[in-house]
Structure formats: structure tokens, C-alpha cells
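Observations on the model geometry
The residues making up each chain are set out below.
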Amino acid sequence: MVIESNEYKIIVLRYLHFVIENDLNRQIDLNNEIDLVENIVSKKIIIFPEFSIDVESDVLLKNYLNTIIYNINLGYITIDDMIKVKS
């Protein structure tokens, strides 16, 4: 599946919002908390966390987001998985 980075970021953000709301019972704006970068060798899009002070100071949320992002970056959570969760 070929997907543009903007569309990928939207899917990732929707997925993160969904799992945080369901697992932590919170609603948080994550639009400025992550960025996407491209690995220059593999050309794979990688999620790069750029957490604000609010997220950094919330240890549970920070660790939870880092775990989810790590699993997405490694491919344990796929784009198909993220799309299925919301549909």
C-alpha cells in the first residue's frame, strides 16, 4: 500500500487518539507531539516524537505513547491495523 506522509500522519494521529481515549480514558491533542521523518536508507517513514512539556511531565502518557510509536515504527502495528481500529 502506497500512502502519502500527510495521510499517514493523519492515520497515526487518529489511531493514537483512539487508543489513548480507550486505554487511558483521556482526550489529548497530539497534532504537535509527533513528526514524520524518512529513513534515508530504507525510505521508510518513521514517527519521531516531539513531546511537549505537558506530555513529558506525564510519565504514564509519555511511556504509553513511546511504546505505541516504537511498535508502529518496528511494524508490529501496521497501517492496516491502524485503519481497522477506526472502521
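Residues numbered from 1 in each chain as written. Predicted model: local features only at pLDDT ≥ 70, side-chain atom pairs only at ≥ 80, totals over all residues. Heavy atoms only, no water.

This next bit is on the pairing of strand S1 (residues 34-38). Bridge analysis of S1 against strand S2 (residues 45-49) gives five bridges, and the strand direction is antiparallel. Following the sheet pairing, Glu 38 is matched in S2 by Ile 45. The antiparallel hairpin formed by S1 and S2 contains six residues in its connecting segment, where Lys 43 sits at a positive phi of about 65 degrees. (Pairing = 2+ DSSP bridges. Helix = DSSP H or I, 4+ residues; strand = E, 2+ residues; numbered from the N terminus.)

Residues Tyr 8, Val 12, Ile 47, Leu 65, Ile 72 and Met 82 are the most contacted members of the largest nonpolar core, which totals 24 residues. Elements with a contribution of two residues or more to this core: helix H1 (5-24), S1, helix H3 (59-74) and helix H4 (79-86). Non-local contacts of Ile 47, meaning those with residues more than four positions away in its chain, are made with Tyr 8, Val 12, Ile 34, Asp 35, Leu 36, Ile 69, Ile 72 and Asn 73. (Core = buried A, V, L, I, M, F, W, Y, C linked by side-chain atoms within 4.5 Å. Buried < 20%, exposed > 50% of the residue type's maximum accessible area, 1.4 Å probe, protein only. Contact = heavy atoms within 4.5 Å.)

With that settled, the discussion passes to H1. For H1, spanning 20 residues, the distance from its first C-alpha to its last is 27 Å, which sits close to the expected 28 Å at 1.5 Å a residue. Residues of H1 that are buried include every one of Tyr 8, Ile 11, Val 12, Leu 13, Tyr 15, Leu 16, Val 19, Ile 20 and Leu 24, and no others. Of the residues one or two after H1, Asn 25 is the one with positive phi, at around 55 degrees. (Expected span 1.5 Å × (residues − 1).)

Moving on, we get to the pattern of salt bridges. One pass over the structure, following the stated rule, counts two salt bridges. Residue Arg 26 pairs with Asp 58 through a salt bridge whose shortest N-O separation is 2.3 Å. Separated by 32 residues along the polypeptide, Arg 26 in the loop between H1 and S1 and Asp 58 in the loop between helix H2 (53-57) and H3 bring together distant segments of the chain. Residue Arg 26 is classed as partly exposed on the basis of its relative accessible area, which comes to 29%. (Salt bridge = Lys/Arg side-chain N within 4 Å of Asp/Glu carboxyl O.)

On the secondary structure map, Leu 74 appears in helix H3. Its relative accessible area of 45% is what places Leu 74 among the partly exposed residues. Linking Leu 74 and Ile 46, residues 28 residues apart in sequence, is a C-alpha distance of 9.0 Å.

In this model H3 runs 22 Å from its N-terminal to its C-terminal C-alpha over 16 residues, within 8% of the 22 Å that 1.5 Å per residue would give. The set of residues buried in H3 consists of Leu 61, Tyr 64, Leu 65, Ile 68, Ile 69, Asn 71, Ile 72 and Asn 73.

Now for the packing of H1 against H3. Running from N to C, H1 and H3 point in directions that differ by 135 degrees, and their axes come no closer than 11 Å. By the criterion of interaxial angle, the relationship of H1 to H3 is oblique. For the element pair H1 and H3, the recorded crossing hand is right-handed. Note on element contacts: H3 touches H1 through Leu 60, Leu 61, Tyr 64, Leu 65, Ile 68 and Ile 72, opposite Tyr 8, Val 12, Tyr 15, Leu 16, Val 19, Ile 20, Asp 23 and Leu 24. Grouping the constituent residues of the contact of H1 with H3 by class yields 13 nonpolar, no polar and one charged. (Axes fitted to C-alpha atoms, helices over the stretch in contact; angles between N-to-C directions. Parallel < 35°, antiparallel > 145°, perpendicular 65-115°, else oblique. Left-handed = near helix turned anticlockwise from the far one by under 90°. Nonpolar A, V, L, I, M, F, W, Y, C, P; charged D, E, K, R; others polar.)

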